[in-house]
Amino acid sequence: ECPSSSGKPNHADILLVNLQYVSEVEIINDRTETPPPLASLNVSKLANKARTEKEEKLSQAYAISAGVSLEGQQLFQTIHKTIKDCKWQEKNIVVMEEVVIAPPYQVENCKGKEGSALSHVRKIV
(Lines give C-alpha, C1' and ligand atoms only; values in the text may rest on other atoms or scores of the structure.)
Protein backbone atom coordinates (compact mmCIF):
# COMPACT_ATOMS: atom_id res chain seq x y z
CA GLU A 1 0.00 0.00 0.00
CA CYS A 2 1.27 3.41 -0.91
CA PRO A 3 0.02 6.26 1.33
CA SER A 4 -1.01 9.49 -0.35
CA SER A 5 1.77 12.02 -0.90
CA SER A 6 -0.85 14.73 -0.30
CA GLY A 7 -1.39 13.45 3.24
CA LYS A 8 -5.15 13.13 2.73
CA PRO A 9 -6.72 10.23 4.62
CA ASN A 10 -8.48 7.55 2.57
CA HIS A 11 -6.31 8.40 -0.45
CA ALA A 12 -3.38 6.50 -1.90
CA ASP A 13 -0.92 7.22 -4.67
CA ILE A 14 -1.25 5.03 -7.73
CA LEU A 15 1.87 4.28 -9.72
CA LEU A 16 1.55 3.15 -13.33
CA VAL A 17 4.35 1.20 -14.97
CA ASN A 18 4.75 0.91 -18.74
CA LEU A 19 5.37 -2.82 -19.15
CA GLN A 20 7.04 -2.27 -22.52
CA TYR A 21 10.09 -1.06 -20.61
CA VAL A 22 10.14 -3.94 -18.11
CA SER A 23 12.72 -6.53 -19.04
CA GLU A 24 12.56 -8.80 -15.99
CA VAL A 25 10.17 -9.49 -13.13
CA GLU A 26 11.25 -11.14 -9.90
CA ILE A 27 8.69 -12.43 -7.40
CA ILE A 28 9.91 -11.60 -3.90
CA ASN A 29 7.07 -13.28 -2.02
CA ASP A 30 3.80 -14.75 -3.19
CA ARG A 31 0.59 -13.73 -1.46
CA THR A 32 -2.29 -16.09 -0.99
CA GLU A 33 -4.96 -13.64 0.14
CA THR A 34 -7.00 -11.70 -2.38
CA PRO A 35 -5.97 -8.05 -2.61
CA PRO A 36 -8.61 -5.40 -1.87
CA PRO A 37 -10.41 -4.01 -4.91
CA LEU A 38 -8.80 -1.01 -6.57
CA ALA A 39 -10.44 2.35 -6.17
CA SER A 40 -12.26 3.54 -9.24
CA LEU A 41 -10.40 6.09 -11.32
CA ASN A 42 -12.03 9.12 -12.87
CA VAL A 43 -10.62 8.57 -16.35
CA SER A 44 -12.01 11.79 -17.83
CA LYS A 45 -10.47 13.84 -15.01
CA LEU A 46 -7.12 12.11 -15.57
CA ALA A 47 -7.36 12.70 -19.34
CA ASN A 48 -8.13 16.39 -18.79
CA LYS A 49 -5.18 16.72 -16.43
CA ALA A 50 -2.88 14.99 -18.92
CA ARG A 51 -4.09 17.24 -21.74
CA THR A 52 -3.58 20.37 -19.63
CA GLU A 53 -0.09 19.27 -18.60
CA LYS A 54 0.79 18.52 -22.22
CA GLU A 55 -0.41 21.95 -23.35
CA GLU A 56 1.64 23.64 -20.62
CA LYS A 57 4.77 21.69 -21.56
CA LEU A 58 4.28 22.49 -25.25
CA SER A 59 3.88 26.16 -24.35
CA GLN A 60 7.15 26.07 -22.39
CA ALA A 61 8.89 24.30 -25.27
CA TYR A 62 7.58 26.91 -27.71
CA ALA A 63 8.93 29.74 -25.54
CA ILE A 64 12.36 28.13 -25.37
CA SER A 65 12.48 27.44 -29.11
CA ALA A 66 11.34 31.01 -29.89
CA GLY A 67 14.26 32.40 -27.89
CA VAL A 68 12.18 33.96 -25.12
CA SER A 69 14.27 35.15 -22.18
CA LEU A 70 14.18 33.33 -18.86
CA GLU A 71 12.41 36.35 -17.34
CA GLY A 72 9.70 36.12 -19.99
CA GLN A 73 9.22 32.40 -19.38
CA GLN A 74 8.98 32.95 -15.62
CA LEU A 75 6.52 35.81 -16.07
CA PHE A 76 4.35 33.66 -18.34
CA GLN A 77 4.28 30.87 -15.73
CA THR A 78 3.46 33.35 -12.95
CA ILE A 79 0.57 34.87 -14.90
CA HIS A 80 -0.66 31.45 -16.02
CA LYS A 81 -1.02 30.32 -12.39
CA THR A 82 -3.80 32.87 -11.80
CA ILE A 83 -5.06 33.57 -15.33
CA LYS A 84 -5.39 30.44 -17.46
CA ASP A 85 -6.28 32.42 -20.60
CA CYS A 86 -2.64 33.17 -21.34
CA LYS A 87 -0.72 32.26 -24.50
CA TRP A 88 2.33 33.06 -26.58
CA GLN A 89 2.17 35.11 -29.76
CA GLU A 90 5.73 34.89 -31.07
CA LYS A 91 7.71 36.47 -28.18
CA ASN A 92 4.71 38.38 -26.79
CA ILE A 93 2.53 37.16 -23.94
CA VAL A 94 -1.20 37.60 -24.67
CA VAL A 95 -3.47 37.57 -21.62
CA MET A 96 -7.26 37.19 -21.98
CA GLU A 97 -7.03 38.35 -25.62
CA GLU A 98 -6.86 41.90 -24.19
CA VAL A 99 -3.37 42.54 -22.84
CA VAL A 100 -0.10 42.07 -24.72
CA ILE A 101 3.22 42.05 -22.88
CA ALA A 102 6.22 42.54 -25.15
CA PRO A 103 9.89 41.93 -24.33
CA PRO A 104 11.59 42.88 -22.01
CA TYR A 105 8.40 42.05 -20.07
CA GLN A 106 8.24 45.08 -17.78
CA VAL A 107 5.19 47.05 -16.58
CA GLU A 108 5.71 49.66 -19.30
CA ASN A 109 5.58 46.88 -21.94
CA CYS A 110 1.98 45.96 -21.02
CA LYS A 111 -0.35 47.22 -23.74
CA GLY A 112 -4.09 46.95 -24.04
CA LYS A 113 -7.38 48.69 -23.51
CA GLU A 114 -7.37 50.57 -20.21
CA GLY A 115 -9.44 48.71 -17.66
CA SER A 116 -9.40 46.10 -14.94
CA ALA A 117 -7.66 43.46 -17.07
CA LEU A 118 -4.72 45.71 -17.92
CA SER A 119 -4.35 46.99 -14.36
CA HIS A 120 -4.52 43.44 -12.97
CA VAL A 121 -1.85 42.19 -15.37
CA ARG A 122 0.36 45.20 -14.55
CA LYS A 123 0.10 44.33 -10.85
CA ILE A 124 1.27 40.78 -11.59
CA VAL A 125 4.16 42.04 -13.75
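Residues numbered from 1 in each chain as written. Predicted model: local features only at pLDDT ≥ 70, side-chain atom pairs only at ≥ 80, totals over all residues. Heavy atoms only, no water.

1. So, a nonpolar patch on the surface
On the surface, Ile 14, Leu 16, Leu 41, Val 43 and Leu 46 cluster together to form a nonpolar patch covering roughly 550 Å² of accessible area. With respect to the helices and strands, the residue Leu 16 is situated in the segment before α1 (43-65). (Patch = residues over 30% accessible without salt bridge, like charges linked within 9 Å, V, L, I, M, F, W, Y side chains within 5 Å. Areas by Shrake-Rupley, 256 points an atom, 1.4 Å probe, with all protein chains shown as cover. Salt bridge = Lys/Arg side-chain N within 4 Å of Asp/Glu carboxyl O. Helix = DSSP H or I, 4+ residues; strand = E, 2+ residues; numbered from the N terminus.)

2. So, the UniProt feature "domain: AD" (unreviewed entry) in the chain
When the UniProt feature table is mapped onto this chain, "domain: AD" (unreviewed entry) is found at residues 39-125. The span residues 39-125 carries 52% helix and 16% strand; its end-to-end C-alpha distance comes to 43 Å. (UniProt positions renumbered as here; feature names shortened; annotations may be inferred.)

3. Overview of the pattern of salt bridges
On inspection of all chains with the given rule, the structure shows 4 salt bridges. The salt bridge partner of Arg 51 is Glu 55, with a shortest N-O separation of 3.9 Å. Of this pair, Arg 51 and Glu 55 both sit in helix α1, 4 residues apart, which is roughly one turn of the helix. The exposure class assigned to Glu 55 is partly exposed, which follows from its relative accessible area of 47%. Residue Lys 87 is joined to Glu 97 by a salt bridge in which the shortest nitrogen-to-oxygen separation is 2.7 Å. A residue pair is termed long-range when its members are at least 10 positions apart, and Lys 87 in strand β1 (residues 86-89) and Glu 97 in the loop between β2 (92-95) and β3 (99-101) qualify at 10 residues. With a relative accessible area of 39%, Lys 87 lands in the partly exposed category. (Buried < 20%, exposed > 50% of the residue type's maximum accessible area, 1.4 Å probe, protein only.)

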